[in-house]
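# Summary of structural features
Listed here are the chains, written in short residue letters.
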Amino acid sequence: MIKPKHEAASALDEHVPANAFALRQFRDRMTAVLLRTGGGSVLLAILLIFLFLLYQVAPLFSRPSIEAVPVAAWADKHTPIYLSLDHHAGLAFTLDQGGQYRFITLDDGQQQRAGEISAHGAITALASAPKPGNLLAIGHDSGHITLVSEGHTQLPAEKDLLTPGNEWPLDRMSVRLGEGAVRALGLAQNDDTLSLVAQFDDQSYRLLRAGKSAGSDWWSLNQESGVSALPITGRAEAIYIDVTQRWLIILDADARFQLLDIAASPPARVETGHLFQGQGRLSASAILSGGLSLLAASDEGVLAQFFMANERGKASPQAVRLFAGRGPPSRHIEPFSSGKTFLSVDESGALQLYHATAQRQLLIKQGFAETPGLVALTPAGDHLLRVDSQGNPSLWRLHNPHPEVSWSALWGKVWYEGYAEPARVWQSSGYDAEFEPKFSLAPLAFGTLKAAFYTMVLAIPLALGGAVYTAYFMAPAMRRKVKPMIELMEALPTVVLGFLAALWLAPLFEAYLGAFLVLLPVLGATVLLMALLARVLPVERLQRSAQGWHSLLLIPPLLLASWACFSLNGRIEDVLFAGDARAWVSLQLGLDFSQRNAIVLGIALGMAVTPSIFSIAEDAIFSVPRHLSDGSLALGATPWQTLVGVVLPMASPGVFSGVMIGLGRAVGETMIMLMVTGNTPIMEINPLEGLRSLSASIAIEAPEVEPGATHYRVLFLAALVLFLFTFAVNTLAELVRQRLRLRFGAL
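Residues numbered from 1 in each chain as written. Predicted model: local features only at pLDDT ≥ 70, side-chain atom pairs only at ≥ 80, totals over all residues. Heavy atoms only, no water.

## A few points about the overall build of the protein chain
Selection rule: Numbering of helices and strands runs from the N terminus; a helix is a DSSP stretch of H or I covering at least four residues, while a strand is a stretch of E covering at least two. Pairs of residues are marked as contacts when any of their non-hydrogen atoms sit within 4.5 Å. Using a 1.4 Å probe, the Shrake-Rupley method yields the accessible areas, and only the shown protein chains count as cover for residues.
A count of helices and strands for the protein chain gives 17 helices and 32 strands. Put simply, 58% of the contacts in the protein chain that link residues at least 6 apart link residues at least 24 apart. For the protein chain, the accessible surface area stands at approximately 37100 Å², while carbon and sulfur atoms represent 60% of it.

## Focus on the sheet that holds strand 24 (residues 330-335)
To keep things clear, this is the line we draw: In this description, strands pair whenever DSSP reports at least two bridges between them. Where helices are involved, their axes are fitted lines through C-alpha atoms of the stretch in contact, as for all axes, and angles between N-to-C directions lie from 0 to 180°.
With respect to topology, four strands assemble into an open sheet ordered 24-25-26-27, the strand pairing being antiparallel. In this open sheet, the two strands that pair with only one neighbour each are strand 24 and strand 27 (360-365). Neighbour-to-neighbour, the strand axes of this sheet turn through a mean angle of 20°, independent of strand direction. As paired strands, strand 26 (residues 351-355) and strand 27 are joined by five bridges and run antiparallel to one another. For histidine 355, the partnering residue across the bridge sits in strand 27 and is arginine 360.

## Digging into the packing of aromatic side chains
To keep things clear, this is the line we draw: Between the rings of Phe, Tyr and Trp (Trp by its six-membered ring), a pair exists once the centres lie within 6.5 Å; its type follows the angle of the planes, with under 30 degrees stacked, over 60 edge-to-face, and the other angles tilted. Relative accessibility under 20% of the residue-type maximum defines a buried residue, over 50% an exposed one, and the middle range a partly exposed one, all with a 1.4 Å probe and only protein chains included.
Across all of its chains, the model carries 25 aromatic pairs by this definition. Judged by centre distance (5.4 Å) and plane angle (20°), the rings of phenylalanine 342 and tyrosine 354 are stacked. Of this pair, phenylalanine 342 sits in strand 25 (residues 341-346) while tyrosine 354 sits in strand 26, and the two are twelve residues apart along the sequence. There is no split in this pair, since phenylalanine 342 and tyrosine 354 are both buried.

## Here we look at the nonpolar core
To be explicit about the condition: Only buried Ala, Val, Leu, Ile, Met, Phe, Trp, Tyr and Cys residues count toward a nonpolar core, and they belong to the same one when joined by side-chain atoms within 4.5 Å.
Within the largest apolar cluster, 78 residues are counted, with the highest numbers of intra-cluster contacts made by Leu441, Leu601, Leu605, Ile621 and Ile672. When neighbours within four sequence positions are excluded, leucine 605 is seen to be in contact with Thr455, Ala666, Glu669, Ile672 and Met673. With 18 residues, the next largest nonpolar core counts Ala127, Leu177, Leu185 and Ala210 among its residues.

## Points about the pairing of strand 4 (residues 100-105)
Regular strands place their side chains on alternate faces of the sheet. Counting buried residues along strand 4, five of its six residues qualify, which places the element largely inside the surrounding structure. Pairing of strand 3 (residues 91-96) with strand 4 involves five bridges; the strand directions are antiparallel. Residue pairing in the sheet places leucine 91 in a bridge with threonine 105 of strand 4. The turn linking strand 3 back onto strand 4 is made up of three residues, and glycine 99 within it adopts a positive phi angle of 95°. Where strand 4 lies against strand 5 (residues 111-116), five bridges are found, and the strand directions are antiparallel. The residue bridging isoleucine 104 from the neighbouring strand is glutamine 111, located in strand 5. Between strand 4 and strand 5, which pair antiparallel in sequence order, lie five residues; one of them, glycine 109, sits at a positive phi of approximately 75°.

## Quick notes on the pattern of salt bridges
Filter applied, for reference: Criterion for a salt bridge: a side-chain nitrogen of Lys or Arg within 4 Å of a carboxyl oxygen of Asp or Glu.
Scanning the model with the defined rule gives 18 salt bridges in all. Between aspartate 201 and arginine 183 there is a salt bridge, and its shortest N-O distance comes to 2.5 Å. Linking aspartate 201 in the loop between strand 12 (193-200) and strand 13 (205-212) with arginine 183 in strand 11 (residues 182-189), this pair joins segments that are 18 residues apart in sequence. Here lysine 483 makes a salt bridge to aspartate 619, at a shortest N to O gap of 3.1 Å.

## Description of the sheet that holds strand 3
An order of 2-3-4-5 is seen for the four strands of this open sheet, with the pairing classed as antiparallel. Edge positions in the sheet fall to strand 2 (80-85) and strand 5, since each of these pairs with one other strand and no more. Each strand of the sheet is rotated relative to its neighbour by a mean of 15°, with strand direction disregarded.

## As for the environment of leucine 553
With respect to the helices and strands, leucine 553 occurs in helix 9 (residues 550-567). Given a relative accessible area of 46%, leucine 553 falls into the partly exposed group. With 23 residues separating them in the primary sequence, leucine 553 and methionine 530 have C-alpha atoms 9.0 Å apart.

## Remarks on helix 6 (residues 494-511)
Note the cut-off: By definition here, a helix of n residues has an expected span of 1.5 Å times n minus one. Consider a residue and the seven residues that end there alongside the seven that start there; fitting an axis to each set, the bend is the angle between those axes.
End to end, helix 6 covers 24 Å across 18 residues, agreeing with the expected 26 Å (1.5 Å per residue, within 8%). Alanine 501 marks where helix 6 bends most, by close to 40°. Structurally, helix 6 contributes buried residues whose contacts are with helix 7 (513-536), helix 12 (598-622), helix 14 (639-668) and helix 15 (671-676).

## Comments concerning the confidence of the model for the protein chain
Predicted coordinates in regions of low pLDDT should not be interpreted in detail. Basically, it comes down to this: pLDDT: the predictor's confidence for each residue, scored from 0 to 100.
For the protein chain, the mean per-residue pLDDT works out to 85, and 89% of the residues sit at or above 70. Across the protein chain, element-level confidence peaks in strand 16 (residues 238-241) with a mean pLDDT of 93 and bottoms out in strand 9 (residues 162-167) with 46. Segment residues 152-164: pLDDT under 50, and 24 contacts once partners within four positions in sequence are set aside and those in other chains are kept. Contacts of residues 167-172 to residues separated by more than four positions or lying in other chains number 24 contacts, the stretch itself having pLDDT below 50.

## Section: the packing of helix 4 (residues 442-473) against helix 14
Heads up, the condition is: Helix crossings fall into two classes, left-handed where the near helix is turned counterclockwise from the far one by less than a right angle and right-handed where it is turned clockwise. Amino acids are sorted into nonpolar (Ala, Val, Leu, Ile, Met, Phe, Trp, Tyr, Cys and Pro), charged (Asp, Glu, Lys and Arg) and polar (every other residue, Gly among them).
Look at helix 4 against helix 14: their axes get within 10 Å of each other, and the N-to-C directions meet at 145°. As for the relative orientation of helix 4 and helix 14, their crossing is right-handed in sense. In contact with Thr448, Ala452, Thr455, Met456, Ile460, Leu464, Val468, Tyr472 and Phe473 of helix 4, helix 14 contributes Pro639, Trp640, Thr642, Leu643, Val647, Leu648, Val655, Val659, Gly662, Leu663, Ala666 and Val667. Partitioned by chemical class, the residues of the contact of helix 4 with helix 14 number 17 nonpolar, four polar and no charged.

## A word on the packing of helix 13 (residues 626-634) against helix 14
Packed helices, taken two at a time, are described by the angle their axes make and the gap between the axes. Packing of helix 13 against helix 14 brings their axes to within 9 Å, and their N-to-C directions diverge by 150°. Our pair here, helix 13 against helix 14, has a crossing hand that is right-handed. Listed contacts from helix 14 to Leu628, Ser629, Ser632 and Leu633 of helix 13 are Pro639, Thr642, Val646, Val647 and Met650. Residue composition of the contact of helix 13 with helix 14, by class: six nonpolar, three polar and no charged.

## Looking at the side chain of glutamate 417
Among the structural elements, glutamate 417 can be located in the loop between helix 3 (407-411) and strand 31 (426-427). When its relative accessible area of 12% is taken as the criterion, glutamate 417 is described as buried. For glutamate 417, the residues in contact, after removing those within four places along its chain, are Leu288, Leu292, Ser293, Gln305, Phe307, Lys340 and Glu436.

## Notes on helix 13
Keep this limit in mind: Directions drawn from the helix axis to the C-beta atoms are what define this arc.
Looking only at helix 13, the buried set comprises Leu628, Ser629 and Ser632. What you see down the axis of helix 13 is that its buried residues fit within an arc of 90°, all on one side. Of the exposed residues in helix 13, those oriented more than 90 degrees away from the buried face are Arg626, His627 and Ala634. Packed against the buried residues of helix 13 are helix 4 and helix 14.

## Here we look at the pairing of strand 24
Of the strand pairs in this sheet, strand 24 and strand 25 are connected by five bridges, and their pairing is antiparallel. Within the sheet, the bridge partner assigned to serine 330 lies in strand 25 and is aspartate 346. Following strand 24, the chain reverses through five residues before pairing antiparallel with strand 25; glycine 339 in that reversal takes a positive phi of roughly 80°.

## Remarks on unusual backbone geometry
Note that the residue after serine 265, namely proline 266, is joined by a cis bond; omega there is -5°. Residue position: proline 266 is located in the loop between strand 18 (256-261) and strand 19 (268-274). Of note, glutamine 359 is a non-glycine position whose phi angle comes to about 50°, a positive value. Inspection of the secondary structure assignment puts glutamine 359 in the loop between strand 26 and strand 27. On the basis of relative accessibility, which here comes to 44%, the residue glutamine 359 falls in the partly exposed class.

Structure representation (structure tokens):
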């Protein structure tokens with residue numbers, strides 16, 4: 001009589017010593033504890049990585065803040081018409097209507113230095129060119145114009161103050177360009193050239209060009225050859241010259257503009273029009289940092305950014321962003337010295353902080369300015385000084401670390417200065433402080449997916465085809481040799497694959513492009529031809545003796561076909577591609593060619609991914625119980641019918657897992673991406689163009705970035721996106737694998 005299973009186990013336990021049984025139970029419990037601890041530790045590590053990435057990224061989307069800082073009342077109370085603030089928010093520079101300047105320390109309100117800008121009368125117009133040199137043009141009622149460069153000298157560190165001082169680049173010389181008082185001024189400069197436009201009482205306009213002699217920091221003016229009259233009239237509310245010193249924009253009180261090309265000889269008017277399509281008068285305006293964009297507000301509450309664009313074949317200031325509409329009109333706009341942040345004070349006294357590129361309102365503070373006054377910012381934009389119409393100062397601290405980040409700037413199209421149209425661009429650094437950072441993650445995410453796509457296009461057929469043949473058709477003796485060799489490829493360092501692909505495969509692909517284009521069809525035709533010969537020729541005995549070894553017979557013909565393609569590359573290009581495969585691809589297919597492209601990347605990265613997919617898929621197919629396939633064959637199914645109807649469905653969970661693991665590696669691979677792609681962050685599906693992936697950007701830029709900066713945190717955001725993408729792929733893979741198990745587990 002056969003005993004039940006539990007009774008048989010009890011009978012065996014009776015013959016086991018008690019201490020040995022207890023030891024076995026202890027080992028079982030410890031093994032279970034260790035397994036649970038290990039699994040839980042892995043999950044905890046993944047969770048901690050996610051939380052750390054989230055911790056680094058969260059400040060990007062924090063709201064800016066503003067708080068009042070105590071400041072002393074000024075001993076010499078006055079009403080300035082110009083105001084500036086030093087780097088440390090400890091020293092203010094003011095200029096009043098009579099031409100008197102003062103340097104005032106904010107902690108005690110005392111004057112450090114005072115004097116007269118010029119002896120040419122009251123001030124009637126001002127214009128500034130903040131970069132470089134803090135140059136200020138001052139117009140007087142006598143018709144004279146004085147240039148002043150505000151200067152500071154560092155005092156000993158313990159005082160933490162700046163010594164006040166001014167420089168007169170014209171050696172206190174003023175110029176007179178027209179008759180009557182100066183009513184409006186426009187000023188722009190770079191390292192070598194200065195342009196100054198002035199409007200006078202008679203509504204005439206004069207343009208002054210100045211340069212610097214070699215090795216000198218002083219402007220050299222020639223009032224005879226450097227001054228020209230401009231072909232415009234009318235009273236100007238504001239005059240602006242762009243940083244290129246080509247375009248001059250004259251704005252009147254009705255928000256009408258006149259655009260002139262002052263680089264032409266003689267200067268010519270190009271376009272006229274209304275900034276707001278005839279709706280509203282001009283309430284405030286300013287030039288955004290960088291000197292390419294105009295900020296303008298109407299008395300109907302519209303606040304917009306304009307920069308030069310070609311419209312209907314003609315240059316014109318075009319509104320590219322709208323920040324506010326139908327609210328209280330702005331009465332003052334103050335751009336930050338660097339970056340694309342600016343503030344606006346509206347008629348209700350509310351302070352609003354904006355970032356132009358991100359098209360984002362950063363902050364709004366009601367009741368900031370109940371009465372008119374002036375506003376000045378430190379060069380870093382971390383402090384704000386306001387002086388009201390009664391001469392009372394107030395100081396504010398701004399916390400605004402990452403203004404250039406918004407969801408639209410990260411993923412949407414943005415119209416950057418100097419671009420013909422909105423675009424998704426990644427360009428995180430530039431050559432000067434006026435550079436407009438471009439932090440769009442879309443090209444990097446697109447490049448990552450593009451790389452994964454072309455990799456899997458090569459790797460999946462190669463790996464799965466090899467796995468099916470090795471596990472199901474190959475002779476056992478051959479399988480024991482081939483499988484370890486393919487799995488050994490997985491240990492090859494990716495840096496070696498990237499090195500070979502970048503320095504050998506990419507130039508070879510360029511030199512033999514015609515051969516590569518016909519190689520795949522030729523190899524496919526060779527395999528079909530060999531299969532046809534095997535069926536036609538009377539080689540039954542050879543077929544029976546070579547069962548499972550057929551792949552060896554294909555190697556010589558495939559190598560011969562490959563050699564023929566590369567040897568006949570010149571003839572192939574002459575016959576099929578009009579003598580030049582690159583030109584044919586460009587002209588006939590409209591595809592640009594780059595030596596380091598997605599096809600080369602797909603080949604190199606495919607060689608790294610294929611062994612992983614092959615090994616897992618081959619094990620899954622080989623592990624299908626033999627009696628299932630034998631039963632199918634016994635019922636009359638062919639080997640291929642058995643493979644498709646029985647073996648592959650049973651192995652599908654493992655096969656799918658192998659594909660997903662390969663996809664995860666393709667997405668996260670760094671070294672091959674770094675060395676083969678050319679690292680061009682463009683959004684082109686063209687397989688002959690390069691790309692840039694999230695992982696490659698992190699590897700390239702992370703060592704050079706400043707900790708805590710916006711760029712630093714955006715790289716962490718790129719890492720978080722990569723983490724979430726791989727997590728989503730793995731989760732989806734597990735769900736599909738479980739469904740496949742449930743569906744085919746009963747076979």
